[in-house]
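Listed below, chain by chain, are the residues.
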Amino acid sequence: MHNLGRRRLPTLAMAVMMLAFAQQIVPAHAEPRASEFTLSNGMQVVVIPDHRAPVVTHMVWYKVGAADEPKATSGIAHFLEHLMFKSTDKIAVGEFSKIISRLGGQDNAFTGQDVTSYHQRIAKERLGTVMDMEADRMQHLRLTKDEVATERQVILEERRSRIDNNPTALLDEQMNAALYLSHPYGIPVIGWEHEMAKLSREDAMRFYKRYYAPNNAILVVAGDVTPEEVKKLAEETYGKVPPNPEVDGRKRPQEPKHIAARRLELKDPRAGNASFHRYYLTPSYTTAKPGEAEALDLLMKIVADGATSRLYKKLVVDDKIAATSGGDYSGWGLDSGAISIYAVATNGTSLDKVEADVDAVLDEIRTKGVTAAELERAKKTFLADFIYESDNQASLARRYGWSVAVGRSLSDIEGWPKAISKVTPEQVKQAAATYLDERRSVTGWLLPENANGRGERVEQPVAHSRS
Amino acid sequence: MQLIHEGRRMAAAPLPRVSFRLGRAAGAALALFAVALFTTFSGPAFAMKIQTIKSPGGIEAWLVEEHSVPMMAMRFAFEGGSSQDPVGKEGLSNFLTAMLDEGAGDLTSREFQERMEDISMRMSYEEAKDAFYGNFETLTANRAEAAKLLKLALNKPRFDPDAVERIRKQLLAVLVYAARDPDKVALEKWYAAAFKGHPYARPANGTEATLVKIAREDLEGYRKRNFAKDTLKVVAVGDINATQLGVLLDEVFGDLPAKADLTPVAKTTPVTGGQQEVIEMNVPQSVAVFGLGAMPRKDPDFLPAFVLNQILGGGGFASKLMEEVREKRGLAYSVYTYVYPYQHTSIFSGGVATRNEAMGQSLDVIRDELKKMADKGPSQEDLDNAKNYLIGSYPLRFDTNAKIATQLLGLMMDGFGPDYVANRNAMIAAITLDDEKRVAKRLLDTKNLIVTIVGKPTLEHAKKG
């Protein structure tokens with residue numbers, strides 16, 4: 001498998017070069033790692049060579065997600081993603097994944113607010129077959145009412161597994177709904193249960209016909225291939241799918257100016273220790289001014305990431321009022337980004353104390369900024385993560401696919417280490433002052449109490465043995 | 001760093017929240033068990049050279065050189081794991097996994113962690129029932145310094161009182177969460193039922209009562225008894241040659257005692273006769289874990305059982321249970337099985353999560369499928385499909401340095417030599433339909449099925465073993 005020493009690895013070699021530079025905080029000269037071209041029907045193609053093993057990661061990204069759903073059909077983007085595994089004119093019901101499996105491949109799919117992605121990992125000789133199958137279901141999906149009814153039960157089960165069985169996920173859903181006053185990012189990707197229960201075959205087909213077309217899709221192939229090979233195969237498969245002239249840009253309702261902090265409290269006997277959560281609305285990499293999203297990434301690394309972070313030092317190490325803490329900046333959205341912060345109280349500590357501590361940390365950063373040493377360490381860690389991640393072709397394919405799907409260029413992606421290394425302490429301070437603004441925030445408390453508000457210790461589960 | 005389980009964290013992922021088609025539970029199970037099981041391979045397309053080396057100080061390791069990227073991954077393990085936690089001190093080895101980056105030698109917790117970040121070194125630990133695992137990654141340029149830190153962590157951890165108390169609080173918080181997570185409760189109670197009286201039945205994360213009793217002497221005691229050269233297994237992959245690895249091995253592990261001082265653990269099998277336990281929890285969806293004993297890893301029937309599992313519930317969307325429970329009936333988002341060989345036992349196990357009122361029906365369907373398989377075995381087509389997948393997908397397990405190291409360590413832990421790698425696909429290919437029928441009968445005796453359900457399930461329809 002490992003073609004040891006036989007072939008070079010431009011992708012990783014490049015990444016490591018960038019790290020070497022970054023360690024001296026000198027901008028790297030960005031050499032292209034991936035290449036791109038567009039088919040005559042408008043489908044974008046990105047190829048990321050990685051010749052270490054004779055395998056490929058094949059992904060098709062549609063530039064559509066949950067935030068594009070028609071009103072009152074929340075969950076339809078994700079539901080359609082499930083239904084794409086039913087049948088086509090050529091492939092019998094449920095056969096798609098079985099064929100991939102028989103070919104020694106693995107497949108899956110996922111849905112986000114802005115993207116829907118289908119992917120396979122497989123031996124490189126099978127790439128043409130996989131592309132043929134994926135191009136086929138881009139235009140020939142078949143659905144029966146019964147299949148739709150059965151799969152609807154599956155997504156409702158998925159909701160129960162991911163959300164309803166988990167109080168933290170329930171709080172997250174409520175906080176997102178409060179964070180966005182107008183934008184559909186406030187609606188969960190999986191959907192609201194009452195709307196999911198009514199999703200129909202027609203809803204799915206309408207969404208499919210409108211958005212699933214080559215001129216609304218990106219093909220990403222990472223692995224043991226050349227751009228020329230991919231181009232030839234892509235023209236023979238996706239190239240034959242007609243474009244849909246109806247596909248238009250994504251025009252979603254945008255946020256008004258936020259003028260008031262929002263708060264909410266969820267009491268759930270399943271909550272475990274009380275926990276504190278805070279979200280702030282921010283720009284994303286797509287919407288931010290140059291350098292601003294990078295500054296937010298670095299800010300949150302310093303504030304919230306891991307045992308060396310400010311929050312952890314203050315709440316967990318020094319004041320000993322939290323068992324753990326964390327947070328990050330999520331800058332991948334098409335229309336906006338968000339900062340999130342959390343802290344889990346130690347047993348018996350009130351969330352008032354935890355919140356006061358978190359606010360003290362944030363106030364200090366807002367007014368005094370970060371130290372040069374902190375910033376340097378954050379940059380180094382980020383760039384190292386970037387490189388370690390580059391060891392994995394599936395991660396690389398995902399990074400490129402997602403970025404291109406939300407409008408970033410290959411040079412944006414490959415220039416990221418350089419952009420990170422250029423961020424100054426002043427920019428980080430400015431980002432903190434601008435975006436850690438309570439008016440842009442939602443604060444959530446998750447409390448292990450009954451609705452009557454009394455702190456009540458939850459009994460251990462009762463066991464009943466039968467036979 | 002021991003943090004609250006990832007599933008409990010919000011928005012901590014580097015990518016936006018997404019919904020995946022295959023359940024996290026199933027995905028996690030597949031990923032976890034792939035580690036220990038798919039430790040073999042062959043095929044003309046591969047030319048991976050596994051060297052077995054011995055350091056000047058006598059420490060053995062497997063090495064795969066890959067010089068195109070100036071970084072390396074090393075995975076290592078000490079035999080023992082949570083089975084070596086003393087009675088009454090359950091959770092000790094798990095506690096230790098969180099303490100090894102909390103200061104060592106002259107470096108305090110904070111100094112140690114900042115130093116690791118400064119040299120972009122990665123180090124983490126996890127315990128399993130039979131072993132204590134370490135993960136180490138470094139860039140070539142920082143290798144010598146990273147090795148020094150790793151050596152300190154293994155040989156001179158400080159266990160400062162402040163750090164011990166901090167981690168104890170985290171572990172207690174994790175326990176509180178875990179007690180309310182139906183997946184975790186189901187799994188823990190299943191092991192408690194299946195291996196009553198054996199170390200495998202004990203909770204690896206401990207209980208509140210045991211965690212509060214663990215002192216720094218316990219942590220140091222575990223380290224001294226378990227971190228030793230005779231039970232050490234090491235695999236390195238990446239930009240390092242045999243001579244350099246020899247130096248690194250002696251530096252990191254050379255000062256450890258020659259012999260571990262392990263408490264013997266008896267061979268065991270899950271209880272037979274069948275049982276079903278319901279643990280009430282007020283959740284909209286119940287979780288069930290089911291399972292029974294399987295063949296040991298070196299039993300000639302193990303590989304056929306492994307292929308059988310692929311057909312039944314290990315093959316994601318291509319598996320029988322997924323077809324019957326999810327695709328045809330919409331009963332669950334995730335249903336899966338696996339075969340897992342521990343050092344002192346072996347199990348066939350699986351899980352399903354479904355709305356409370358459908359749990360009875362889901363378990364009926366699963367039992368029926370297991371019985372059908374025991375009676376008739378798979379079809380030739382099922383067998384061919386599973387073999388095609390297992391053989392064809394083998395390279396996917398070896399496409400990063402970190403994955404190669406993990407795969408090879410699993411192979412080592414199972415007691416195989418590197419030559420086994422080259423024979424694996426041929427062994428899978430040689431399995432016949434008769435093998436599968438024989439093994440299905442031997443493995444899937446549903447009257448021995450141990451079932452643990454957490455939730456508020458409706459079970460009128462649920463038949464018993």
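Calculation notes
Residues numbered from 1 in each chain as written. Chains lettered and ligands numbered in written order. Predicted model: local features only at pLDDT ≥ 70, side-chain atom pairs only at ≥ 80, totals over all residues. Helix = DSSP H or I, 4+ residues; strand = E, 2+ residues; numbered from the N terminus. Buried ≥ 20, exposed ≤ 12 C-beta atoms within 10 Å, placed from the backbone. Contact = placed C-beta atoms within 7 Å. Pairing = 2+ DSSP bridges. Axes fitted to C-alpha atoms, helices over the stretch in contact; angles between N-to-C directions. Domains from an automatic or database assignment. Nonpolar A, V, L, I, M, F, W, Y, C, P; charged D, E, K, R; others polar. Expected span 1.5 Å × (residues − 1). pLDDT = per-residue confidence, 0-100. Left-handed = near helix turned anticlockwise from the far one by under 90°. Core = buried A, V, L, I, M, F, W, Y, C linked by C-beta atoms within 7 Å. Parallel < 35°, antiparallel > 145°, perpendicular 65-115°, else oblique.

## Some remarks on the overall build of chain A
In terms of regular secondary structure, chain A is built from 17 helices and 14 strands. Expressed as a percentage of the 467 residues in chain A, the buried residues total 56%. Residue pairs in contact within chain A that sit at least 24 positions apart in sequence constitute 81% of those at least 6 positions apart.

## Remarks on the overall build of chain B
Assigned secondary structure in chain B consists of 16 helices and 12 strands. Within chain B, the fraction of its 465 residues that count as buried is 59%. Within chain B, counting contacts between residues at least 6 apart in sequence, those at least 24 apart form 83% of the total.

## Quick word on the sheet that holds strand 4 (residues 71-79) of chain B
Strand-to-strand pairing in sheets goes through backbone hydrogen bonds, with the strands running parallel or antiparallel. Residues and elements named next belong to chain B. Strand order in the open sheet formed by six strands is 2-3-7-4-6-5, with mixed pairing between adjacent strands. The open sheet has two edge strands, strand 2 (51-54) and strand 5 (122-127), and neither has a second partner. Neighbour-to-neighbour, the strand axes of the sheet open up by a mean angle of 20 degrees, direction not taken into account. Lying over the sheet, helix 14 (residues 401-413) contacts strand 3 (60-65), strand 4, strand 6 (131-139) and strand 7 (232-238), oriented at roughly 155 degrees with respect to strand 7.

## Here we look at the domain arrangement of chain B
All names here are of chain B. Structurally, chain B comprises domain 1 (44-253) and domain 2 (275-455). The distance between the C-alpha centroids of domain 1 and domain 2 comes to 28 Å. It is helix 6 (residues 182-194) that provides the largest number of residues to the side of domain 1 that touches domain 2, a total of nine residues. Split by residue class, the side of domain 1 that touches domain 2 holds 21 nonpolar, two polar and eight charged.

## Here's the deal with the pairing of strand 11 (residues 322-330) of chain A
Residues and elements named next belong to chain A. Counting buried residues along strand 11, nine of its nine residues qualify, which places the element largely inside the surrounding structure. Direction of pairing for strand 11 relative to strand 12 (residues 337-345): antiparallel, over a ladder of eight bridges. The partner of Asp328 across the bridge, within strand 12, is Ser340. Where strand 11 hands over to strand 12, the hairpin turn is made up of six residues, counted between the paired strands.

## Considerations on helix 6 of chain B
Residues and elements named next belong to chain B. Given a rise of 1.5 Å per residue, 13 residues ought to cover 18 Å, and the 18 Å separating the end C-alpha atoms of helix 6 matches this to within 8%. Across the 13 residues that make up helix 6, a large majority, 11, are buried. What helix 6 keeps buried is the set Pro182, Asp183, Lys184, Val185, Ala186, Glu188, Lys189, Trp190, Tyr191, Ala193 and Ala194.

## A short note on the confidence of the model for chain A
All names here are of chain A. Mean pLDDT over chain A stands at 89; residues scoring 70 or higher make up 89%. Under a pLDDT of 50 for its full length, residues 1-31 has, in the predicted model, 81 contacts with residues more than four places off or in other chains. The low-confidence segment residues 451-467 (pLDDT under 50) makes 25 contacts with residues lying over four places distant or belonging to another chain.

## Some words on the sheet that holds strand 12 of chain A
All names here are of chain A. As summarised here, the arrangement of the five strands in space is 9-13-10-12-11, forming an open sheet in which the pairing is mixed. Across the chains shown, the open sheet's two edge strands, defined by having one partner strand only, are strand 9 (262-267) and strand 11. With strand direction ignored, the average angle separating the axes of adjacent strands in the sheet is 10 degrees. As defined by bridge partners, strand 10 (residues 275-282) adjoins strand 12 across eight bridges and the pair is classed as antiparallel. Of the residues in strand 12, the one forming a bridge with Tyr280 is Ile339. Helix-sheet contacts for helix 10 (residues 292-304) involve strand 10, strand 11 and strand 12, and the interaxial angle to strand 11 is about 175 degrees.

## Regarding the domain arrangement of chain A
Many authors give the size of an interface as the accessible area that is lost as the parts come together. All names here are of chain A. Taken as a whole, chain A is organised into domain 1 (39-240) and domain 2 (262-447). Using only C-alpha atoms to locate each centre, domain 1 and domain 2 end up separated by 29 Å. Facing 27 residues of domain 1, the contacting portion of domain 2 comprises 27 residues. Counting only elements with at least two residues in the side of domain 1 that touches domain 2, the list comes to strand 2 (44-49), strand 3 (55-62), strand 6 (116-123), helix 6 (167-179) and strand 8 (217-223). Per element, the largest residue contribution to the side of domain 1 that touches domain 2 is eight residues, and it comes from helix 6. In terms of residue class, the side of domain 1 that touches domain 2 is built from 15 nonpolar, eight polar and four charged.

## Here's the deal with the packing of helix 11 (residues 310-318) of chain A against helix 12 (residues 351-368) of chain A
Residue and element names in this part refer to chain A. Between helix 11 and helix 12, the least distance of the axes is 10 Å, while the angle of their chain directions is 145 degrees. Once helix 11 is placed against helix 12, the crossing between them reads as right-handed. Together, Arg310, Leu311, Lys314 and Leu315 of helix 11 and Val354, Asp357, Val358, Val361 and Ile365 of helix 12 make up the contact between the two elements. For the contact of helix 11 with helix 12, the class distribution of residues is six nonpolar, no polar and three charged.

## Digging into unusual backbone geometry
Residue and element names in this part refer to chain B. Of note, the phi angle at Ser120 is positive, near 55 degrees, even though the residue is not glycine. Position of Ser120 among the secondary structure elements: in the loop between helix 3 (109-118) and strand 5. Its 23 C-beta neighbours within 10 Å are what place Ser120 among the buried residues. For Phe159, which is not a glycine, the phi torsion comes out positive at approximately 50 degrees.

## Quick word on helix 12 (residues 359-376) of chain B
All names here are of chain B. Across its 18 residues, helix 12 extends 26 Å between first and last C-alpha, which sits within 8% of the 26 Å expected from 1.5 Å per residue. Among the residues of helix 12, Met359, Ser362, Leu363, Val365, Ile366, Arg367, Glu369, Leu370 and Met373 are the ones counted as buried. Against strand 9 (285-293), helix 10 (302-314), helix 11 (320-327), strand 11 (346-355), helix 16 (433-443) and strand 12 (450-455) lie the buried residues of helix 12. One or two positions beyond helix 12, positive phi appears at Gly377, with a value near 75 degrees.

## Some thoughts on the nonpolar core
Formed by 283 residues in total, the largest nonpolar core has its most connected members in Leu299 of chain A together with Ala236 of chain B. If you tally residues by element for this core, the top one is helix 10 of chain A, at nine residues. For Ala236 of chain B, the residues in contact, after removing those within four places along its chain, are Ala61, Leu63, Met72, Met74, Leu245 and Ala405 of chain B.

## Quick notes on the pairing of strand 12 of chain A
Within strand 12 of chain A, nine of the nine residues are buried, which leaves it mostly tucked inside the rest of the structure. Residue alternation in strand 12 of chain A divides its side chains into two sets, Gly337, Ile339, Ile341, Ala343 and Ala345 of chain A and Ala338, Ser340, Tyr342 and Val344 of chain A, and both sets are buried.

## Things to note about the confidence of the model for chain B
All names here are of chain B. Per-residue pLDDT for chain B averages 89, and the proportion of residues at 70 or more is 89%. Of the regions scoring below 50 in pLDDT, residues 1-45 engages in 111 contacts with residues more than four places distant in sequence or in other chains. As a predicted assembly, this complex carries a pTM of 0.89 together with an ipTM value of 0.86.

## Brief notes about the environment of Thr345 of chain B
All names here are of chain B. Residue placement: Thr345 occurs in the loop between strand 10 (334-341) and strand 11. Judged by local crowding, Thr345 falls into the buried class, with 22 C-beta atoms found within 10 Å. Each C-alpha atom, one on Thr345 and one on Ile167, is 32 Å from the other, the two residues being 178 residues apart in sequence. In this structure, Thr345 is in contact with Tyr200, Lys267, Thr268 and Thr269, ignoring residues within four places of it in sequence.

## Observations concerning the packing of helix 10 of chain A against helix 13 (residues 372-389) of chain A
All names here are of chain A. One way to put it is that helix 10 packs onto helix 13 with a least axis distance of 9 Å and a crossing angle of 105 degrees. With respect to their mutual orientation, helix 10 and helix 13 come out roughly perpendicular. Packed against helix 10, whose contacting residues are Asp297, Leu298, Lys301 and Ile302, the element helix 13 presents Glu374, Leu375, Ala378, Lys379, Thr381 and Phe382 at the interface. Classifying every residue of the contact of helix 10 with helix 13 gives five nonpolar, one polar and four charged.

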